[in-house]
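Observations on the model geometry
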Amino acid sequence: LKSQIEGMRDGVLEPTRERFQRNLTEIDKLHSLVESVSELYAAETSRDLNIEEFAAEEFVADLLATYDVPLRGAATKFISHVSTETITGDRRMLLRAVGNIVNNSVLYAGSSATVEIGIDKLDRTIRIQVIDDGPGIPADKIDRIFQRFYRGEFGRSMDGVGLGLNIAKAIVERHRGALSVSNQKPTGARFTIELPSTDHILSSGDAYSA
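Scoring rules and cut-offs
Residues numbered from 1 in each chain as written. Predicted model: local features only at pLDDT ≥ 70, side-chain atom pairs only at ≥ 80, totals over all residues. Heavy atoms only, no water. pLDDT = per-residue confidence, 0-100. Contact = heavy atoms within 4.5 Å. Axes fitted to C-alpha atoms, helices over the stretch in contact; angles between N-to-C directions. Helix = DSSP H or I, 4+ residues; strand = E, 2+ residues; numbered from the N terminus. Left-handed = near helix turned anticlockwise from the far one by under 90°. Nonpolar A, V, L, I, M, F, W, Y, C, P; charged D, E, K, R; others polar. Phe/Tyr/Trp six-rings, centres within 6.5 Å; stacked < 30°, edge-to-face > 60°. Buried < 20%, exposed > 50% of the residue type's maximum accessible area, 1.4 Å probe, protein only. Lys NZ or Arg CZ within 6 Å of the ring centre and 35° of its normal. Core = buried A, V, L, I, M, F, W, Y, C linked by side-chain atoms within 4.5 Å. Salt bridge = Lys/Arg side-chain N within 4 Å of Asp/Glu carboxyl O. Pairing = 2+ DSSP bridges.

Our next topic: the confidence of the model for the protein. With 77% of its residues at a pLDDT of at least 70, the protein reaches an overall mean of 80. Per-residue pLDDT stays below 50 along residues 153–158; that stretch engages in seven contacts with residues further than four places along the chain or on separate chains. Ignoring residues within four places in sequence, the model shows residues 204–210, a span with pLDDT below 50, making 22 contacts including any to other chains.

Set out below in structure tokens:
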């Protein structure tokens, strides 16, 4: 960017509309990168979470509504099932975490994919799953997808900076939960979030702000 601007200033490069647009596109990418890194840092280091109990059905509805605009051009089919009334945690941050996973599934599974979102209560654990029927994750890549800036082969032709799943993992771990991924049979990927029970979160000490 610096060399492009200097070239136009010095008369070496013609200041065309197309050149300005390319530079603006690169600036947008840098802006997105800075925002994502800042969000990841906040998710990993912030001591206070706004812990509350909220309706699981409304959580799913808001999640899909939030991602309706960027996905409007896709023929993605969404299926949801919720077998628990409430979830306890930082609602805004959990929306971001699950939303990142849903967005990832839509991007990599294809425009005509089916994405299933399920929320269940298992003993003292809330389990949130995002399942797609896409091609799945290559066996030699599945252990790397939560790494920072890792985007895989498909990601090179897509927008993003490779921090979405890393941010999701950081948010889940801030809730003292776990995020894992596995391949489906015959095809597809399954992301599983396991969050501790209400009592465990609300009695976890000064790392949380209820």
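Take the packing of helix H4 (residues 91–109) against helix H5 (residues 164–174) next. Running from N to C, H4 and H5 cross one another at 145°; their axes reach a closest spacing of 9 Å. Relative to H5, the crossing made by H4 is left-handed. The residues of H5 that touch H4, namely those facing Met-93, Leu-94, Arg-96, Ala-97, Asn-100, Ile-101 and Asn-104, are Gly-164, Leu-165, Ile-167, Ala-168 and Ile-171. For the contact of H4 with H5, the per-class residue count stands at eight nonpolar, three polar and one charged.

This next bit is on the packing of aromatic side chains. Under the definition given, this model contains one aromatic pair. Their ring planes at 35° and their centres at 5.5 Å tell us that Phe-54 and Phe-59 sit as a pair that is tilted. In terms of burial, Phe-54 and Phe-59 fall into one category: buried. The ring of Phe-54 has Arg-91 lying over it, and the distance from NZ or CZ to the ring centre is 5.7 Å.

Here the focus is the nonpolar core. Across soluble globular proteins, nonpolar side chains show a tendency to be buried alongside one another. Ranked by internal contacts, the top residues of the largest apolar core, which has 38 residues, are Ile-87 and Phe-191. In terms of residues, this core owes the most to one element, H4, which gives eight residues. Apart from residues lying up to four places away in sequence, Phe-191 is in contact with Ile-101, Asn-104, Ser-105, Ile-128, Gln-129, Val-130, Ile-137, Ile-145, Phe-146, Leu-165, Ser-180 and Val-181.

The next point concerns the pattern of salt bridges. As enumerated under the stated definition, the model contains five salt bridges in all. The salt bridge partner of Asp-120 is Arg-127, with a shortest N-O separation of 3.4 Å. The residue Glu-173 makes a salt bridge to Lys-169 at a minimum N-O spacing of 2.5 Å. Here Lys-169 and Glu-173 lie together in helix H5, a separation of four residues that amounts to about one turn. Accessibility expressed as a relative area gives 43% for Glu-173, which makes it partly exposed.

Now for the pairing of strand E7 (residues 189–196). Buried residues dominate E7, accounting for six of its eight residues. As defined by bridge partners, strand E5 (residues 125–132) adjoins E7 across seven bridges and the pair is classed as antiparallel. By the bridge assignment for E7, Val-130 is matched with Phe-191. Sheet topology places strand E6 (residues 178–183) next to E7; six bridges connect them, and they run antiparallel. Opposite Ser-180, over in E7, you have Thr-192 as the bridge partner. Linking two consecutive strands that pair antiparallel, namely E6 and E7, is a turn of five residues; a positive phi of about 110° is found at Gly-188 within it.

This brings us to the sheet that holds E5. Reading across from one edge, E2-E4-E5-E7-E6 is the order of the five strands in this open sheet, with mixed pairing throughout. Of all strands in the sheet, those bounded by a partner on one side alone are strand E2 (77–82) and E6. Adjacent strand axes in the sheet meet at a mean angle of 15° when their direction is disregarded.

This part covers unusual backbone geometry. With an omega of 5°, the peptide bond running from Lys-185 to Pro-186 counts as cis. One non-glycine residue, Arg-176, adopts positive backbone phi at about 60°. Relative to the helices and strands, Arg-176 is located in the loop between H5 and E6. For Arg-176, a relative accessible area of 40% gives the class partly exposed.

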